[in-house]
Amino acid sequence: MGVPIITTDAIGCRDAVEDGITGFVCKPRDSNDLAQKMEKMIFLSPEQREAMGKAGRAKMEREFDEGIVINQYLTAIEQLSNTNQPSNLFPS
């Protein structure tokens, strides 16, 4: 969407945001840190927020495009199917 993001430093979320470049990453379960990141976002100029949003959009297109994600899944499935050992994906 091309807008800057405030997210939590958690699996998946931290991969989507480059702190200070495409948005801000705050500490999990830390309302003070979240408030600080919200203030930082509020005090950015419209041009800074726009640049941050554009950088975020470029990152998503570069790293999380549907084709890229599908190819990564297919590669992982192929690698698993080519091994002679049982997978630990579904332990008994």
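Residues numbered from 1 in each chain as written. Predicted model: local features only at pLDDT ≥ 70, side-chain atom pairs only at ≥ 80, totals over all residues. Heavy atoms only, no water.

A. Representation of the overall build of the chain. Secondary structure summary: the chain contains four helices and two strands in total. Start at the N end of the chain and walk to the C end: the helices and strands fall as β-α-β-α-α-α. Structurally, the chain occupies a C-alpha span of about 55 × 30 × 15 Å along its principal axes. The burial tally for the chain puts 16% of its 92 residues in the buried class. (Helix = DSSP H or I, 4+ residues; strand = E, 2+ residues; numbered from the N terminus. Buried < 20%, exposed > 50% of the residue type's maximum accessible area, 1.4 Å probe, protein only.)

B. Geometry of unusual backbone geometry. Notably, R29 is not glycine yet its phi reads approximately 55°, a positive angle. Residue position: R29 is located in the loop between β2 (23-26) and α2 (31-42). Of the residues examined, R29 reaches a relative accessible area of 88% and is grouped as exposed.

C. Broad picture of helix α4 (residues 66-81). For α4, with 16 residues, the first-to-last C-alpha span of 22 Å sits near the 22 Å given by 1.5 Å per residue. In this structure D65 caps α4, since a side-chain oxygen of it lies 3.0 Å from the backbone nitrogen of G67. (Expected span 1.5 Å × (residues − 1). Polar contact = N/O pair within 3.5 Å; in protein donor to acceptor, adjacent residues only side chain to side chain.)

D. Focus on the pattern of salt bridges. Enumeration according to the criterion identifies eight salt bridges in this entry. We note a salt bridge from D33 to K37, for which the minimum N-O separation is 3.2 Å. Taken as a pair, D33 and K37 lie in helix α2 at a separation of four residues, close to a single helical turn. Salt-bridge contacts for K59 lead to E63; the nearest nitrogen and oxygen are separated by 2.9 Å. Separated by four residues within a single helix, K59 and E63 lie in helix α3 (residues 46-63), roughly one turn from each other. (Salt bridge = Lys/Arg side-chain N within 4 Å of Asp/Glu carboxyl O.)

E. Inspection of the side chain of T7 at higher detail. Secondary-structure assignment places T7 in strand β1 (residues 5-8). According to the relative accessible area criterion, T7 is buried, its value standing at 13%. Other than its neighbours up to four places away in sequence, T7 contacts C13, V17, F24, V25 and C26. (Contact = heavy atoms within 4.5 Å.)

F. Geometry of the side chain of D33. On the accessibility criterion, D33 (8% relative accessible area) is buried. Contact partners of D33, with chain neighbours within four places excluded, come to V25, C26 and K27.

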